[in-house]
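A structural walkthrough
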Amino acid sequence: MTHTVDNETFVRDLFRAWNDRDYDAIAGSVAADCTLVEEGSGRTLQGPDGFTQLAKSMFDAMPDGRFTLDHLTSQGDTVVVEYTGSGTQTGDLVLHAGTVPATGRDVTVHACDIYKVKDGKIQEGRAYLDTGAIMSQLGLIERRQS
């Protein structure tokens, strides 16, 4: 008997793997030819190695980093997940625009990812996050008061 996991459970398990630093599970959740584009920055992650490198660099920079699922919905092979990531930047943070030395500051970011999931793997994705809020919280830019 074959057991298939529904796409929402698949994404919940993926976020659990991120929080557990289970890099093998993260890599195993991504199709070899998957592309994830960070909208705004334009950074592109390719395949399992791209996802794993991102996870390792984030947790090297923020060893206490955690993700909380705020909202999850799916229709067919499309899964939309809103989440909150938080942590303290105690290590170098490698970003698309360069490396930010440790600041010791707490960061909380709200983000949304959209995945196309097929055969138990992410086939493609888009990530939306407020990089300006991240930079402000790290003290790299001034936050404008409205």
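Details of the structure are given in the entry above.
Residues numbered from 1 in each chain as written. Predicted model: local features only at pLDDT ≥ 70, side-chain atom pairs only at ≥ 80, totals over all residues. Heavy atoms only, no water.

In this structure, the largest pocket spans a volume of roughly 700 Å³. Taken together, 36 residues make up the lining of the largest pocket; nearest its centre are Glu-38, Arg-43, Leu-54, Met-58 and Leu-129. In terms of residue class, the lining of the largest pocket is made up of 24 nonpolar, 8 polar and 4 charged. (1 Å grid on protein atoms, 1.4 Å probe; cavity = no way out; pocket = protein on both sides within 12 Å on 5 of 7 lines; lining within 4 Å. Points joined across faces, edges and corners; volume = space filled by probe spheres on them. Nonpolar A, V, L, I, M, F, W, Y, C, P; charged D, E, K, R; others polar.)

This brings us to the sheet that holds strand β8 (residues 121-129). Taken together, 6 strands build an open sheet; the order of strands is β2-β1-β8-β7-β4-β3 and the sheet is mixed. The open sheet has two edge strands with one neighbour each: β2 (44-46) and β3 (66-75). Between one strand and the next, the sheet's axes are offset by a mean angle of 15°, whatever the strand orientation. Relative to β8, strand β1 (residues 30-39) runs parallel, the two sharing 6 bridges. Note that in β8 the partner of Glu-38 across the bridge is Ala-127. Its contacts with the sheet place helix α3 (residues 47-61) against β1, β2, β3, β4 (78-88) and β8, and it is angled at close to 55° to β1. (Pairing = 2+ DSSP bridges. Helix = DSSP H or I, 4+ residues; strand = E, 2+ residues; numbered from the N terminus. Axes fitted to C-alpha atoms, helices over the stretch in contact; angles between N-to-C directions. Contact = heavy atoms within 4.5 Å.)

Attention shifts here to the nonpolar core. In terms of nonpolar packing, the biggest core is built from 26 residues, with Val-11, Trp-18, Phe-51 and Tyr-115 touching the most fellow members. For this core, the secondary structure elements donating two or more residues are α1 (7-20), β1, α3, β3, β4, β7 (106-118) and β8. Considering every element that reaches this core, the biggest residue donor is α1, with 6 residues. Aside from chain neighbours lying at most four places away, what touches Trp-18 is Ile-26, Phe-51, Leu-54, Ala-55, Met-58, Phe-59 and Phe-67. Within the second largest apolar cluster, 8 residues are counted, among which are Ala-61, Met-62, Val-109 and Ile-134. (Core = buried A, V, L, I, M, F, W, Y, C linked by side-chain atoms within 4.5 Å. Buried < 20%, exposed > 50% of the residue type's maximum accessible area, 1.4 Å probe, protein only.)

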